[in-house]
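Per-entry structural report
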Amino acid sequence: MLVLTRRANQSIMIGHDVVVTVLEVRGDQVRLGIKAPRSVDVHREEVFAALQQANQEAAVTPGQQAQALDSLDALRPKASPSKPDK
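The structure reproduced in this document is the subject of the present report.

Turning to the layout of surface pockets, a few remarks are in order. Put simply, the largest pocket is a space of about 160 Å³. Together, Leu2, Val3, Leu4, Arg6, Ser11, Ile12, Val20, Val22, Val30 and Leu32 line the largest pocket. Among the secondary structure elements, those contributing two or more residues to the lining of the largest pocket are β1 (11–14), β2 (18–26) and β3 (29–35). Looking at the lining of the largest pocket residue by residue, the classes come out as 8 nonpolar, 1 polar and 1 charged.

This is the structure in structure tokens:
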């Protein structure tokens, strides 16, 4: 882990397009400003973990997918035998 010391109004660069700026230091809290392209997701760690957990719970395993498809197939009306042409 890289450890850097910054004061209020000082920044660090991550890559070429992400800037993290220390906005304020109050006691044991630090306010950060983050400039990043819209294509880069920025989350607090606990929010990111909650999103990951929700995505895992929503994911369907191949076995569950096959079972769901079988259940849907059971709902399909049975095809009637075709009538011979006259």
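Right, picking up where we left off after that structure.
In this section: the pairing of β2. Looking down a regular strand, the side chains alternate between one sheet face and the other. Taken together, the 4 bridges between β1 and β2 define a ladder with antiparallel strand orientation. For Ser11, the partnering residue across the bridge sits in β2 and is Thr21. Counted along the chain from β1 to the antiparallel partner β2, the turn is 3 residues long, and its residue Gly15 has a positive phi close to 65°. One ladder, built from 7 bridges, connects β2 with β3; its direction is antiparallel. Opposite Arg26, over in β3, you have Gln29 as the bridge partner. Two successive antiparallel strands, β2 and β3, enclose a turn made up of 2 residues, where Gly27 displays a positive phi of approximately 60°.

Analysis parameters
- Residues numbered from 1 in each chain as written.
- Predicted model: local features only at pLDDT ≥ 70, side-chain atom pairs only at ≥ 80, totals over all residues.
- Heavy atoms only, no water.
- 1 Å grid on protein atoms, 1.4 Å probe; cavity = no way out; pocket = protein on both sides within 12 Å on 5 of 7 lines; lining within 4 Å.
- Points joined across faces, edges and corners; volume = space filled by probe spheres on them.
- Helix = DSSP H or I, 4+ residues; strand = E, 2+ residues; numbered from the N terminus.
- Nonpolar A, V, L, I, M, F, W, Y, C, P; charged D, E, K, R; others polar.
- Pairing = 2+ DSSP bridges.

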